[in-house]
2 protein chains.
Amino acid sequence: MPTLRIALAQINPVVGDFAANAALIAGFLRQAWQGGAHLAVFPELCLCGYPPEDLLLKPRFLADTRQALAQVAQATQGITAVVGYAEEDQGQVYNSAALLHDGAWLASYRKTELPNYGVFDEKRYFTPGQGGLLLDLGGVRILLSICEDLWVPGSDSQRAALANQAQVTINISASPFHAGKLELRRQIVSDFARRTGTLVCYANLLGGQDELVFDGGSLIIDPQGGLLACARRFEQDLMLCDLDLPEAGGLPQPKAPDRLLCLPAPPAPAGPSAPPACAPEMGLEEEVYRALVLGTGDYVRKNGFKKVVLGLSGGIDSSLVAAVAAQALGRDNVVGVTMPSQFTSKETRSDAEVMAANLGIRLITVPIKAILAVYLAELEEAFGPGPRGVEVENLQARIRGNTLMALSNRFGWLVLTTGNKSETAVGYCTLYGDMAGGFAVIKDVPKTLVYQLAAHVNAQAGHELIPQSVIDRPPSAELRPDQKDEDSLPPYAVLDPILTAYVEQDKALDEIAALGFEPGVVREIVRLVDLNEYKRRQAPPGVKITPKAFGRDRRLPITNHYRPGWD
Amino acid sequence: MPTLRIALAQINPVVGDFAANAALIAGFLRQAWQGGAHLAVFPELCLCGYPPEDLLLKPRFLADTRQALAQVAQATQGITAVVGYAEEDQGQVYNSAALLHDGAWLASYRKTELPNYGVFDEKRYFTPGQGGLLLDLGGVRILLSICEDLWVPGSDSQRAALANQAQVTINISASPFHAGKLELRRQIVSDFARRTGTLVCYANLLGGQDELVFDGGSLIIDPQGGLLACARRFEQDLMLCDLDLPEAGGLPQPKAPDRLLCLPAPPAPAGPSAPPACAPEMGLEEEVYRALVLGTGDYVRKNGFKKVVLGLSGGIDSSLVAAVAAQALGRDNVVGVTMPSQFTSKETRSDAEVMAANLGIRLITVPIKAILAVYLAELEEAFGPGPRGVEVENLQARIRGNTLMALSNRFGWLVLTTGNKSETAVGYCTLYGDMAGGFAVIKDVPKTLVYQLAAHVNAQAGHELIPQSVIDRPPSAELRPDQKDEDSLPPYAVLDPILTAYVEQDKALDEIAALGFEPGVVREIVRLVDLNEYKRRQAPPGVKITPKAFGRDRRLPITNHYRPGWD
């Protein structure tokens with residue numbers, strides 16, 4: 001067989017939508033067949049969407065998966081396909097890759113390495129498989145594997161590839177995005193290719209699912225570890241690629257637990273040739289921005305919303321979120337609300353108007369001063385004597401939250417919140433106030449990166465889409481006269497690296513101070529992060545873009561007296 | 001050795017508080033020694049508290065555990081002890097039982113069965129151990145085991161007990177409460193005792209930790225499976241018990257991976273004899289009520305609060321929560337707030353006053369009518385023409401939520417929410433409104449059980465602590481004229497069993513209908529449960545009292561198109 005034409009189908013399914021997902025797979029199968037592909041590869045668990053979480057505990061869900069797989073198998077007339085699905089067998093559930101051929105299901109490979117760290121809970125659901133599944137397609141020996149199987153040195157897949165002299169390794173993945181993840185993935189896949197001497201075809205999932213974004217970027221890596229081809233990112237893609245492989249003869253017969261299936265040599269590919277190609281690389285800001293756009297758009301659409309509403313304060317956070325939303329959903333589907341108080345400066349209010357005009361989105365004004373006044377009058381007696389403090393600041397934020405939710409309830413718009421990771425980490429935000437909403441677009445974006453993304457947005461637009469005055473003004477919550485973030489917090493250039501060390505790297509207080517930070521500052525930041533776990537627990541979901549996001553990635557108790565070095 | 005005097009120390013540690021936990025253990029060790037015990041047994045992971053979650057990923061946390069264990073070891077002068085802790089060894093972490101004796105650490109047993117279902121994520125953190133650890137204490141052969149080791153038929157502990165002819169099995173546990181769990185535990189421990197022919201001493205943890213309550217109720221079961229002794233529940237306890245055991249001779253030497261440690265025969269126990277005894281049994285309502293009291297009290301205290309505040313509507317949910325809070329924290333530490341609107345009936349308002357008076361708690365009144373009027377005036381233009389609907393109902397609930405939070409911010413009181421499991425399940429509650437608060441006392445209590453608990457409270461009090469009119473009035477949210485829950489929902493006697501079947505038992509729609517419910521009603525309830533996942537995700541924590549609570553117990557995606565039988 002001179003040439004194997006492979007098709008990596010990087011699709012965007014919806015969790016639990018078997019009918020739509022099966023139809024999506026069938027559509028890509030048709031395209032792959034029309035493009036002359038011999039083998040079409042679909043991502044991990046794409047038939048049910050990833051991660052299905054506790055839907056896997058519903059017996060009916062597993063039965064419905066079987067039915068959907070039968071439907072997909074019928075759509076493989078004239079082609080061979082590998083499709084990820086959840087397989088139930090004698091009371092056990094496996095994370096499996098179905099091998100489908102010309103209308104029939106032939107066999108399944110069951111993932112042997114189940115990740116149970118970070119955002120992953122696969123040992124909650126799946127039993128690990130045993131042994132490799134190999135496919136001989138017209139003389140080319142191909143090993144099937146699933147995601148984590150490639151990430152564990154010395155895995156059963158590595159053993160099976162070597163023991164059976166596989167030439168190609170297929171890996172179907174659902175590998176979530178964080179900044180820099182593609183580079184890491186390439187490294188992992190290259191290492192596996194070199195260790196096994198196989199050409200690796202890595203098909204990744206696409207799309208947003210709650211807090212996760214799957215960025216695609218499917219890969220083909222040669223046996224020397226070099227990058228051969230690379231699919232688009234943040235978009236569905238069908239990457240066709242001709243692989244020229246030496247016909248291997250006299251290969252050993254696999255021994256149990258490995259299995260081999262032989263399929264006849266397919267006819268030479270039809271249509272024009274499909275040489276390896278690489279989608280252009282992306283810088284940090286671009287990949288993060290695209291992740292926010294995809295994650296937000298998919299959350300809104302997949303949850304049945306069309307329009308979103310957000311508070312537009314004239315600050316940089318809400319300006320960035322508005323830009324992301326307009327890009328994800330179209331400007332007609334984004335409504336900004338400005339909710340001025342006595343502490344709102346003329347400048348921020350006018351910047352909110354400019355920002356709305358620049359994006360071409362509707363802007364509603366709802367002043368909160370009168371509402372605050374009545375609250376304070378009604379609470380006068382209960383509050384008693386003494387100066388008012390944070391309770392009045394929080395009331396303002398909560399009146400704004402209520403106002404957005406009232407518009408949401410009346411018009412069916414999803415509320416986007418605009419808090420960044422730095423303030424979420426230290427609790428510089430108000431529960432049921434600025435934290436109130438359905439989706440927290442930049443909750444995993446540190447403030448310093450918010451600035452970089454704003455610059456990126458303007459560079460992409462070729463003009464000041466986000467007004468320079470928004471970028472230049474010192475950040476402020478504007479909840480009391482002359483308030484500045486830096487009255488309460490260290491500068492973000494100091495705060496963010498401390499947060500990375502503590503939150504993402506689990507470093508201890510003295511280890512962080514040893515990086516060159518004032519121990520007193522580090523202590524205070526660590527204290528704030530720990531004390532505010534209760535707030536984050538009630539936050540809406542938002543796009544994960546760092547190696548460790550708040551949420552399923554970082555599971556800390558609220559009740560927690562572990563305070564090393566606090567005092 | 002005629003008699004082994006064992007002490008089961010069912011203690012209430014705080015997660016992460018090594019100093020306090022080590023001191024607590026040392027105190028119980030002293031008591032056990034004073035009581036003449038040979039062997040004192042402490043619960044699973046009690047040195048760091050359970051579950052420590054991602055604190056286990058911090059290297060410093062594991063180092064601090066080692067230090068705390070050394071401290072506890074020193075406190076074992078003159079006694080032998082088994083203490084649960086997290087053990088780090090060569091980069092692996094184990095869920096271990098330390099065997100301490102006369103001031104020194106001798107060895108550790110590592111749990112072999114790691115639960116990774118329901119509320120448990122142990123495979124995220126721990127490596128399973130290999131082989132059993134046996135202790136020969138003056139001729140009595142004792143096997144160590146940890147929690148799940150007893151729950152898995154054919155576990156390594158079962159093998160090790162049989163292979164080494166153990167006479168006693170020690171099991172240290174952190175087994176969270178749900179209604180009926182004690183019965184289940186007894187069954188499991190009895191089965192193990194019978195299968196292995198060992199006398200089982202089962203020491204359970206005590207106390208509330210976020211959503212979990214550990215109810216104690218430590219057990220001693222004879223080799224025939226009969227109940228010998230049973231410690232108190234929902235209280236710390238040191239249960240001393242004399243075990244008369246035949247001296248065994250000629251026992252086989254354990255083979256790897258099992259190990260045996262021999263300690264000399266301790267002197268005969270000092271002090272009065274300690275015959276087996278059983279704490280009185282509890283009915284369903286009593287155990288649930290005690291769980292709510294312990295869980296709420298521990299959450300409030302362990303998080304550094306003294307007082308709580310809650311909205312007292314005159315309805316049954318808030319009345320029950322107020323009773324729980326007063327019992328947990330003392331009446332001086334509970335503040336009720338009544339927030340009447342134009343839709344509040346005279347009867348409910350007066351019932352709120354009676355309830356506060358009955359409990360002897362402070363009652364604050366903050367009317368919300370004027371606040372609502374200003375909101376509606378300021379939102380008039382944005383809302384546009386057309387009749388007002390749910391947005392006005394939700395605004396009222398949110399004004400109340402804001403009011404409670406304002407009092408919380410001003411005075412440092414923790415807000416208790418009062419929603420039950422039935423309304424949480426179907427989303428009959430307002431985000432940032434009645435859902436706003438720090439702890440949701442009855443979030444896992446179905447409405448029908450709320451009524452049973454109210455009756456129990458009154459029976460315990462010997463008078464109408466909760467006024468009969470509160471119990472008799474048809475439930476209403478009072479957010480529009482003449483509103484009743486049953487306008488929107490089926491009667492709770494129908495709703496609750498449907499919810500149990502769907503939420504707790506993962507039954508499919510037709511299976512629930514086959515239990516005798518109207519298919520259309522079942523369909524609507526299932527639809528509401530699924531659609532409201534986003535609301536529950538932003539709910540505060542609350543006490544788990546059913547086999548499957550919303551929260552870490554039930555992890556469903558928000559973005560979820562799985563809708564079998566909806567249409």
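Residues numbered from 1 in each chain as written. Chains lettered and ligands numbered in written order. Predicted model: local features only at pLDDT ≥ 70, side-chain atom pairs only at ≥ 80, totals over all residues.

Caption draft 1: Up close: the sheet that holds strand β5 (residues 104-110) of chain B. Residues and elements named next belong to chain B. Reading across the sheet, the 6 strands line up as β5-β4-β3-β2-β1-β14 and stay open at both edges, with mixed pairing between neighbours. Among the strands making up the open sheet, the edge pair consists of β5 and β14 (237-244). Mean inter-strand twist for the sheet, computed between neighbouring axes without regard to direction, equals 30 degrees. Bridge count between strand β1 (residues 3-10) and β14: 8 bridges; the pairing is antiparallel. Looking at β14, one finds that A9 is bridged to L238. Relative to the sheet, helix α2 (residues 59-74) contacts β3 (80-89), β4 (92-101) and β5, its axis offset from that of β3 by approximately 160 degrees. (Pairing = 2+ DSSP bridges. Helix = DSSP H or I, 4+ residues; strand = E, 2+ residues; numbered from the N terminus. Axes fitted to C-alpha atoms, helices over the stretch in contact; angles between N-to-C directions. Contact = placed C-beta atoms within 7 Å.)

Caption draft 2: Up close: helix α12 (residues 447-461) of chain A. All names here are of chain A. For α12, spanning 15 residues, the distance from its first C-alpha to its last is 21 Å, which sits close to the expected 21 Å at 1.5 Å a residue. Buried within α12 we find K447, L449, V450, L453 and A454. Projected down its long axis, α12 carries its buried residues within an arc of 150 degrees, all on one side. Residues of α12 that are buried in the fold lie against α6 (284-302), α7 (316-329), α11 (421-426), α13 (468-472) and α15 (492-504). Following α12 by one or two positions, G462 has its phi on the positive side, about 80 degrees. (Expected span 1.5 Å × (residues − 1). Buried ≥ 20, exposed ≤ 12 C-beta atoms within 10 Å, placed from the backbone. Arc of directions from axis to C-beta.)

Caption draft 3: The arrangement of the nonpolar core in detail. Formed by 359 residues in total, the largest nonpolar core has its most connected members in A40, V41 and F42 of chain A together with A40, V41 and F42 of chain B. Not counting residues within four places of it along the chain, the set of residues in contact with A40 of chain A comprises A7, A9, F28, L29, A32, I79 and A81 of chain A. (Core = buried A, V, L, I, M, F, W, Y, C linked by C-beta atoms within 7 Å.)

Caption draft 4: Examining the interface of chain A and chain B more closely. Tallying the contact residues gives 64 residues for chain A and 65 residues for chain B. Contributing elements (two or more residues each) for the side of chain A that touches chain B: α2 (59-74), α3 (122-125), α6, α9 (369-383) and α10 (390-411) of chain A. If one sorts the elements of the side of chain A that touches chain B by residue count, α10 of chain A sits on top with 13 residues. Looking at the side of chain A that touches chain B residue by residue, the classes come out as 33 nonpolar, 14 polar and 17 charged. (Nonpolar A, V, L, I, M, F, W, Y, C, P; charged D, E, K, R; others polar.)

Caption draft 5: Structural context of the sheet that holds strand β16 (residues 308-311) of chain B. All names here are of chain B. Spatially, 5 strands are ordered β18-β17-β16-β19-β20 in an open sheet, and the strand pairing comes out parallel. Because the sheet does not close on itself, it has two edges, and the strands there are β18 (362-365) and β20 (439-440). Each of β17 (334-338) and β18 touches helix α7 (residues 346-359); the most contacted strand, β17, lies at about 170 degrees to it.

Caption draft 6: The arrangement of the relation of the copies chain A and chain B in detail. The transform that puts chain A on chain B rotates by 180 degrees and translates by 0.0 Å along the axis, for an RMSD of 0.0 Å. Such a turn and shift between the copies fits a two-fold axis. Scanning chain A for the C-alpha nearest the rotation axis identifies Q538 of chain A, at a separation of 2.1 Å. An overlap of 100% is found between the interface residues of chain A and their copies at the interface of chain B, pointing to a shared contact surface. (Least-squares fit on C-alpha atoms with pLDDT ≥ 70 in both.)

Caption draft 7: Inspection of the domain arrangement of chain A at higher detail. All names here are of chain A. The domain architecture assigned to chain A consists of domain 1 (3-266) and domain 2 (285-485). On the domain 2 side, the residues contacting the 9 residues of domain 1 number 9 residues. Listed by contribution, the elements that provide at least two residues to the side of domain 1 that touches domain 2 are β10 (206-209) and β11 (212-215). For the side of domain 1 that touches domain 2, the residue count by class is 5 nonpolar, 2 polar and 2 charged. (Domains from an automatic or database assignment.)

Caption draft 8: Broad picture of the packing of helix α3 (residues 156-163) of chain B against helix α4 (residues 181-196) of chain B. All names here are of chain B. At their nearest, the axes of α3 and α4 sit 9 Å apart, and the two run at 35 degrees to each other. In this structure, the crossing between α3 and α4 has a hand that is right-handed. Side by side, α3 and α4 meet where Q158, A161 and L162 of the first sit next to F192, R195 and T196 of the second. A breakdown of the residues in the contact of α3 with α4 according to their chemical character gives 3 nonpolar, 2 polar and 1 charged. (Left-handed = near helix turned anticlockwise from the far one by under 90°.)

Caption draft 9: Structural detail: the environment of A9 of chain B. Residue and element names in this part refer to chain B. Mapped onto the elements of the fold, A9 is located in strand β1. Between the alpha carbons of A9 and S155 there is a distance of 25 Å; along the sequence they are 146 residues apart. Contact partners of A9, with chain neighbours within four places excluded, come to F28, A32, A40, V41, F42, A203 and L238.

Caption draft 10: Broad picture of the packing of helix α5 (residues 284-302) of chain B against helix α11 (residues 447-461) of chain B. Residues and elements named next belong to chain B. It is the contact of α5 with α11, at a shortest axis distance of 10 Å, that shows an interaxial angle of 90 degrees. When the axis of α5 is compared with that of α11, the two are roughly perpendicular. In contact with E285, E286, V288 and Y289 of α5, α11 contributes L449, Q452, L453 and H456. Residue composition of the contact of α5 with α11, by class: 4 nonpolar, 2 polar and 2 charged. (Parallel < 35°, antiparallel > 145°, perpendicular 65-115°, else oblique.)

Caption draft 11: Structural context of unusual backbone geometry. Residue and element names in this part refer to chain A. Between Y50 and P51 the backbone carries a cis peptide bond, its omega angle lying at -10 degrees. Within the secondary structure layout, P51 lies in the loop between β2 (39-41) and α2. One non-glycine residue with positive phi stands out, namely C147, at about 35 degrees. Here C147 shows up in the loop between β7 (140-146) and α4 (156-163). Judged by local crowding, C147 falls into the buried class, with 27 C-beta atoms found within 10 Å.

Caption draft 12: Structural context of the pairing of strand β9 (residues 199-204) of chain B. All names here are of chain B. Most of β9 is tucked away, with 6 of its 6 residues classed as buried. In this sheet, β9 lies alongside strand β8 (residues 168-173) in parallel orientation, the contact comprising 6 bridges. If you follow N171 over to β9, its bridge partner there is Y202. Taken together, β8, α4 and β9 form a β-α-β motif whose crossover is right-handed. The pairing of β9 with strand β12 (residues 219-221) spans 3 bridges and is antiparallel. By the bridge assignment, C201 is partnered in β12 with I220. (Right-handed = clockwise from strand over helix to strand, strands pointing away.)

Caption draft 13: Geometry of the pairing of strand β13 (residues 227-230) of chain A. All names here are of chain A. Two strands pair when backbone bridges link them, and strand β12 (residues 219-221) and β13 are joined in this way by 3 bridges, in the antiparallel orientation. Bridge pairing in β13 places L219 opposite C230. Adjacent in sequence and paired antiparallel, β12 and β13 are bridged by 5 residues, among which G225 carries a positive phi angle near 95 degrees.

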